[in-house]
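Single-letter residue listing:
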Amino acid sequence: MSVNKENVRMYIANILGGLGDTDRKIAGYILQRPAQMVQLPIKKLAQEIGVSEATIVRFSKKIGYSGLLNLKADLKRELLAESDLSLPSSPDIFLDDSRNEVANKIALTIDTTVKETVGLLDMKIVKPVVERFLTARRVMFVGFGASGLAAMEARDKMNRLGIDSEAFTDRFTMTLKLANLKADDFVVAFSHSGETPEVVNAFRLAQKKSVYKLAITHSPHSPLNELADTFLLTSGSAGPMQGDSIATRISQLFIIEFLCTEITRHNLRDSASTGLSIKELLIKERIKRETAG
């Protein structure tokens, strides 16, 4: 079958009538939710569409692609071509790139990282994690090096939400403070590799005190996750010209923002104004406090 790669969705729409029920279901998902089709891993796609992973791969080949990755790549190029930002197809930065190309490639890295992080989120564990933040006596954020910046950012945002939080980013303070943990404290560790000795040791100290531990890391199989009660995965990897990866940092910041937003939504869940946005509800709450004062 010859595929018109100039417009993937137009091609799929044209052949829709000749597809069987299951294939039409996959095609319909692509037409209605092309961005999700590009972003989600095959396991999540299969769950979303309600078909098997093998069925999605067979569909891709049946309509003329070499496989799902080939279909996704062409669809992604089509979506990027429609974007006002006109992002490049690869985030790799070269010495002879123009400044405009470098800026757009960094933008692509950030955009891709956020989408990948969303794809890695296990939504089933978000609610119990949020409840831990809300019920903990104190939340202790730990991180070393670049991940220490994420720990401090998380501390500041959680404190603004009224959650008593601290951040520890050096070996001495971590050891000193975590030695005095109480059972109703909550320890959250940031480590891209999941192998940072200081952070892993912080979890060992927390384990001795029977304190609940959340790891925010890129590696699902690591010493940190072996000690964690639960974990959230981040995306991103360092490029040869970038040092500490902006993608890793953005992914960690996204997780922090997502958790803080979920905590805010939980706190506002009893509001009668459910049709208002979070921003509008917060403004109303502030006006109410100022008027009462």
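Residues numbered from 1 in each chain as written. Predicted model: local features only at pLDDT ≥ 70, side-chain atom pairs only at ≥ 80, totals over all residues. Heavy atoms only, no water.

Peer 1: Explanation requested: the overall build of the chain in the structure shown.
Peer 2: A tally of helices and strands in the chain yields 14 helices and five strands. Residues counted as buried form 42% of the 293 residues belonging to the chain. Nonlocal contacts in the chain, meaning residues at least 24 apart in sequence, comprise 61% of its contacts between residues at least 6 apart. (Helix = DSSP H or I, 4+ residues; strand = E, 2+ residues; numbered from the N terminus. Buried < 20%, exposed > 50% of the residue type's maximum accessible area, 1.4 Å probe, protein only. Contact = heavy atoms within 4.5 Å.)

Peer 1: How should the pairing of strand E1 (residues 139–143) be read in this particular structure?
Peer 2: Regular strands place their side chains on alternate faces of the sheet. In terms of burial, E1 is a largely internal element, five of the five residues being buried. Judged by which residues are buried, E1 turns out to be covered on both faces: Val-139, Phe-141 and Gly-143 on one side and Met-140 and Val-142 on the other are all buried. As paired elements, E1 and strand E2 (residues 165–168) share four bridges and run parallel to each other. Within E2, the position partnered with Val-142 by the bridge is Phe-168. At this point the chain moves from E1, through helix H9 (residues 146–160), to the parallel E2, and the crossover so formed is right-handed. Pairing geometry for E1 and strand E3 (residues 186–190), over five bridges, is parallel. (Pairing = 2+ DSSP bridges. Right-handed = clockwise from strand over helix to strand, strands pointing away.)

Peer 1: Can you help me understand the sheet that holds E2 in this one?
Peer 2: One key point about sheets: their strands pair by backbone hydrogen bonds, in either a parallel or an antiparallel sense. Pairing in this open sheet of five strands is parallel, and the strands run E2-E1-E3-E4-E5 from one edge to the other. Of all the strands in the sheet, the pair left with one neighbour each is E2 and strand E5 (230–233). Sheet twist, expressed as the mean angle between neighbouring strand axes with direction ignored, is 20°. With five bridges joining them, E3 and strand E4 (residues 212–217) adopt parallel strand pairing. Counterpart to Phe-186 in the pairing with E4 is Tyr-212. (Axes fitted to C-alpha atoms, helices over the stretch in contact; angles between N-to-C directions.)

Peer 1: Teacher, can you tell me more about the confidence of the model for the chain here?
Peer 2: As a note on interpretation, predicted positions should not be read in detail where pLDDT is low. Confidence in the prediction of the chain, expressed as mean pLDDT, is 84, and 84% of residues score 70 or more. Note on residues 238–243: pLDDT is under 50 here. Beyond four places in sequence and across chains, it has five contacts. (pLDDT = per-residue confidence, 0-100.)

Peer 1: Where do I start with the packing of aromatic side chains in this structure?
Peer 2: Two descriptors summarise a pair of aromatic rings, namely the distance from one centre to the other and the angle between the planes of the rings. Per the stated rule, a full pass over the model turns up five aromatic pairs. When the centroid spacing of 6.2 Å and the interplanar angle of 25° are considered together, the rings of Phe-133 and Phe-141 count as stacked. Considered together, Phe-133 and Phe-141 belong to a single accessibility category, that of buried residues. Relative to Tyr-212, the ring of Phe-186 has its centre 5.8 Å away and its plane inclined at 55°; by these criteria the two rings are tilted. Linking Phe-186 in strand E3 with Tyr-212 in strand E4, this pair joins segments that are 26 residues apart in sequence. Taking the relative accessible area as the measure of exposure, Phe-186 reaches 1% and is therefore buried. An aromatic cluster is defined as three or more aromatic residues linked by ring pairs; in this entry it consists of Phe-133, Phe-141, Phe-186, Phe-190 and Tyr-212. (Phe/Tyr/Trp six-rings, centres within 6.5 Å; stacked < 30°, edge-to-face > 60°.)

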